[in-house]
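Observations on chain architecture
Here are the chains, one letter per residue:
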Amino acid sequence: QQKVQQSPESLIVPEGAMTSLNCTFSDSASQYFAWYRQHSGKAPKALMSIFSNGEKEEGRFTIHLNKASLHFSLHIRDSQPSDSALYLCAAANSGTYQRFGTGTKLQVVP
Amino acid sequence: GGIITQTPKFLIGQEGQKLTLKCQQNFNHDTMYWYRQDSGKGLRLIYYSITENDLQKGDLSEGYDASREKKSSFSLTVTSAQKNEMAVFLCASSTGGAREQYFGPGTRLTVL
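A short tour of the structure in this document, coming up. (Residues numbered from 1 in each chain as written. Chains lettered and ligands numbered in written order. Predicted model: local features only at pLDDT ≥ 70, side-chain atom pairs only at ≥ 80, totals over all residues. Heavy atoms only, no water.)

1. Comments concerning the overall build of chain B
What counts here: Comment: elements are numbered from the N terminus, with helices defined as DSSP H or I runs of at least four residues and strands as E runs of at least two. Each residue's exposure class comes from its accessible area (1.4 Å probe, protein chains only) as a fraction of the maximum for that residue type: buried when under 20%, exposed when over 50%, partly exposed otherwise. For this analysis, residues touch if any pair of their heavy atoms sits within 4.5 Å. Each accessible area value is a Shrake-Rupley result obtained with a 1.4 Å probe; residue values ignore everything except the protein chains displayed when judging cover. For this count, His and the chain ends are skipped, Lys and Arg are scored as positive, and Asp and Glu as negative. Just so you know, the charge point we use is NZ for Lys, CZ for Arg, CG for Asp and CD for Glu.
Scanning chain B from N- to C-terminus turns up zero helices and eleven strands. Ordered by position from N to C terminus, the α and β elements of chain B give β-β-β-β-β-β-β-β-β-β-β. Dimensions of chain B, computed from the C-alpha atoms along their principal axes, are close to 35 × 25 × 20 Å. For chain B, the proportion of its 112 residues judged to be buried stands at 50%. Counted over contacts in chain B with a minimum sequence separation of 6, partners at least 24 positions apart contribute 54%. Carbon and sulfur atoms make up 46% of the accessible area of chain B, which amounts to about 5,500 Å² in all. Here chain B holds 13 positive side-chain charges and 11 negative ones, and the gap between their average locations is 5 Å.

Below, the structure is given as structure tokens:
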């Protein structure tokens, strides 16, 4: 059974800093990897996803996947107070549903 | 774009009571999900459904039933509410398991 774990559990960074969030997964057959963001009191919303090894950049956000080490990460460049939220990673193989991690609570302080 | 609506927004019940939560989506998605989110934590899958009248158990199905009578709606029943399951219940839909999920605003359950 797929296990997805996130680190750190919580993080405080200054405005303008680079933020790095980590996610490990246990099923080497996983093919879909995603990050979701959930602002306080709101529904989770998909941020980015990736299918193959490497990097994908969208604006200030970069997702990096290394299947061999069962690890993917989200990097936020020039972090803003509006980025403060709970970040959830998820992994799935093609035949099953996404399993979510326990979340990283990010706070960006001005 | 589409939208997912969940009713009610807040649900208060007594311990041992049977309670039903409802979810509707107009994305025309095949797959729908129910998750439980304990305060500030990750999402645990209760049930999912890949098409009308299909039901699949998730990791947390014990104590819950689900029903998918129409493609657009998915209901979750708490069979006997317990105080340790006070949480936010989130409904989601997607075109498939390895695709972006769209979430509803949630139902917050309080058990007295």
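2. Observations regarding the state of the cysteines
For clarity, the threshold we go by: Only a pair of cysteine sulfur atoms within 2.5 Å counts as a disulfide in this structure description.
The full count for this structure, using the stated rule, is two disulfides over all chains. C23(A) shares a disulfide with C89(A); S-S distance 1.9 Å. Measuring handedness by torsion sign, the sulfur bridge of C23(A) and C89(A) sits at about 65° and is right-handed. Pair noted here: C23(A) is in strand 3 (residues 19-25) and C89(A) is in strand 9 (residues 85-92), with a separation of 66 residues, a long-range link. What pairs with C23(B) in a disulfide is C91(B), and their sulfur atoms sit 1.9 Å apart. Here C23(B) and C91(B) share a disulfide; its torsion about the S-S bond, -75°, makes the bridge left-handed. Here the residue C23(B) occupies a position in strand 3 (residues 19-25), and C91(B) occupies one in strand 9 (residues 87-94), the gap between them amounting to 68 residues. The pair formed by C23(B) and C91(B) is uniform in burial state, with each residue classed as buried.

3. Some details on the interface of chain A and chain B
Interfaces are often described in size by the accessible area the parts lose on coming together. Inclusion rule: Buried area: the accessible surface (1.4 Å probe) lost by two parts on joining, summed over both. We count a salt bridge whenever a side-chain nitrogen from Lys or Arg sits within 4 Å of a carboxyl oxygen from Asp or Glu. Residues were grouped as follows: Ala, Val, Leu, Ile, Met, Phe, Trp, Tyr, Cys and Pro as nonpolar; Asp, Glu, Lys and Arg as charged; and all remaining residues, including Gly, as polar.
Chain A puts 21 residues into the contact, and the matching count from chain B is 20 residues. Buried area between chain A and chain B, summed over both chains or domains, comes out near 1,500 Å², and the portion from carbon and sulfur atoms is 57%. Considering only the surface of chain A that becomes buried against chain B, P44(A), Y97(A) and F100(A) emerge as the three largest contributors, covering 34% of it. On inspection of chain A and its partner chain B, the count reaches one salt bridge. When the shortest N-O distance is used, the salt bridge between D59(B) and R99(A) registers 2.5 Å. Secondary structure elements with two or more residues in the side of chain A that touches chain B: strand 4 (32-38), strand 9 and strand 10 (99-100) of chain A. Here the residues of the side of chain A that touches chain B sort into eleven nonpolar, eight polar and two charged.

4. Overview of the sheet that holds strand 3 of chain A
What holds strands together in a sheet is hydrogen bonding between their backbones, with the strands either parallel or antiparallel. Residues and elements named next belong to chain A. Our working definition: DSSP calls a pair of strands paired once it identifies at least 2 bridges connecting them. Here the axes come from fitting lines to C-alpha atoms, over the contacting stretch only for helices, and the angles between their N-to-C directions go from 0 to 180 degrees.
Taking strand neighbours across the sheet as the criterion, the five strands line up as 1-3-8-7-6 in an open arrangement whose pairing is antiparallel. Both outer strands of the open sheet, strand 1 (4-7) and strand 6 (54-58), are each paired with one neighbouring strand and no more. Mean inter-strand twist for the sheet, computed between neighbouring axes without regard to direction, equals 15°. Relative to strand 3, strand 1 runs antiparallel, the two being bridged by four bridges.

Everything listed here is a matter of geometry and, on its own, says nothing about what the molecule does.
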